[in-house]
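# Report on the structure
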Amino acid sequence: MKRFLIVLTFLTAFATTAQAQFLNFGVRAGVGLATHVDDLANNSPILAANVGGFVTYGFTQSASLLADVFRLQTGVNFIRRGCNFKEVLEMTMSIREGSYDAWYVQIPLLASFRYELPIREPGHFGLLSVGPALSVGMFGTVKDRKFTRGLPQGDWNYRISESAFNIMNRFDADLLLGVGYEYQDLSVMLQLDYGFLAVTSTPDALEALSGTDKNATVPMGNNVALLLTVGYQIPFR
């Protein structure tokens, strides 16, 4: 963590002392898998989606050795996150299952490194990007069904929330890490998106039983997604 903060401080200092030049803007879309990482629950992935636009700034007028490879990129993404879940309630011999399906607006700030690949034909670049993002929940649904084996089941067993964010936290702070390839105005990225804030929480049964704190809660899960995205940049030449 210390090394990451040192690198981030260095990049921020570089960006603020150098004069940024607008390079291009573009669009990007992708799909992948999303889930909630939770040690206490049995979760499985749903289809993740990203679509949005980006703006890229360079520092080609800087005297730094990083000027030719370092860029800043920001923009706005519309993203889908969530998971399927299932658990067996041993005390009642029943099963609880359902899904989280949530859509966010995400604003990233990425440090991007662009290296020309050592091949005969010029114009092929490897990409590495890393940086934070803020995600704000817009809408979604949570489906939750509990039933006992051997008893009739039906859609009426589902409790559907019109807004997922009546149950889930609306805000998330993400770390984005991606590697990719660029040729001319097209790029392909494999990106990992990890959310640091708990998606939701549940009452702490042990604290409630002990009487220590009846309002205590336990964080439940973090947003994680792995996506393959395709981007097209519109340069001003």
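A few points on the structure. (Residues numbered from 1 in each chain as written. Predicted model: local features only at pLDDT ≥ 70, side-chain atom pairs only at ≥ 80, totals over all residues. Heavy atoms only, no water.)

So, on to the pairing of strand 6 (residues 124-148). Here strand 5 (residues 94-116) runs beside strand 6; their pairing, made up of 21 bridges, is antiparallel. The partner of S112 across the bridge, within strand 6, is S129. Pairing of strand 6 with strand 8 (residues 171-183), which is carried by 13 bridges, proceeds in the antiparallel orientation. Counterpart to S129 in the pairing with strand 8 is G178. (Pairing = 2+ DSSP bridges. Helix = DSSP H or I, 4+ residues; strand = E, 2+ residues; numbered from the N terminus.)

A few words now on the environment of S112. Inspection of the secondary structure puts S112 in strand 5. Looking at S112, the relative accessible area reads 13%, which means it is buried. Considered as a pair, S112 and G131 are 19 residues apart in the sequence and their alpha carbons are 8.6 Å apart. Not counting residues within four places of it along the chain, the set of residues in contact with S112 comprises V69, F70, R71, L128 and S129. (Buried < 20%, exposed > 50% of the residue type's maximum accessible area, 1.4 Å probe, protein only. Contact = heavy atoms within 4.5 Å.)

Turning to the environment of Y194, a few remarks are in order. Tracing the backbone through its elements, the reader meets Y194 in strand 9 (residues 186-203). According to the relative accessible area criterion, Y194 is partly exposed, its value standing at 32%. Each C-alpha atom of the pair Y194 and V37 lies 9.5 Å from the other, and the pair is 157 residues apart in sequence. Setting aside its immediate chain neighbours within four residues, Y194 contacts A173, D174, L175, N222, N223 and V224.

Let us look at the nonpolar core. By size, the foremost hydrophobic cluster in this structure holds 11 residues: I79, C83, F85, Y100, A102, Y104, V142, A164, F165, M168 and V199. Elements with a minimum of two residues in this core: strand 4 (70-89) and strand 5. Aside from chain neighbours lying at most four places away, what touches I79 is A49, N50, A102, W103, Y104, Q106, S135 and D193. (Core = buried A, V, L, I, M, F, W, Y, C linked by side-chain atoms within 4.5 Å.)

With that settled, the discussion passes to the packing of aromatic side chains. Under the definition given, this model contains 7 aromatic pairs. A centroid spacing of 5.4 Å and a plane angle of 50° characterise the contact between F85 and Y100, whose relative ring orientation is tilted. Here F85, found in strand 4, pairs with Y100, found in strand 5; they are 15 residues apart in sequence, far enough to count as distant. Accessibility expressed as a relative area gives 7% for F85, which makes it buried. Here the aromatic rings of Y194 and F196 are separated by 5.2 Å at their centres, their planes lie at 80°, and the arrangement is edge-to-face. Given a relative accessible area of 51%, F196 falls into the exposed group. Taken together, the ring pairs connect F78, W103 and F139 into an aromatic cluster. Against the face of F54 rests R28, its NZ or CZ located 4.4 Å from the ring centre. Here R114 stacks its cationic end above the ring of F125, 3.5 Å away from the centre of that ring. (Phe/Tyr/Trp six-rings, centres within 6.5 Å; stacked < 30°, edge-to-face > 60°. Lys NZ or Arg CZ within 6 Å of the ring centre and 35° of its normal.)

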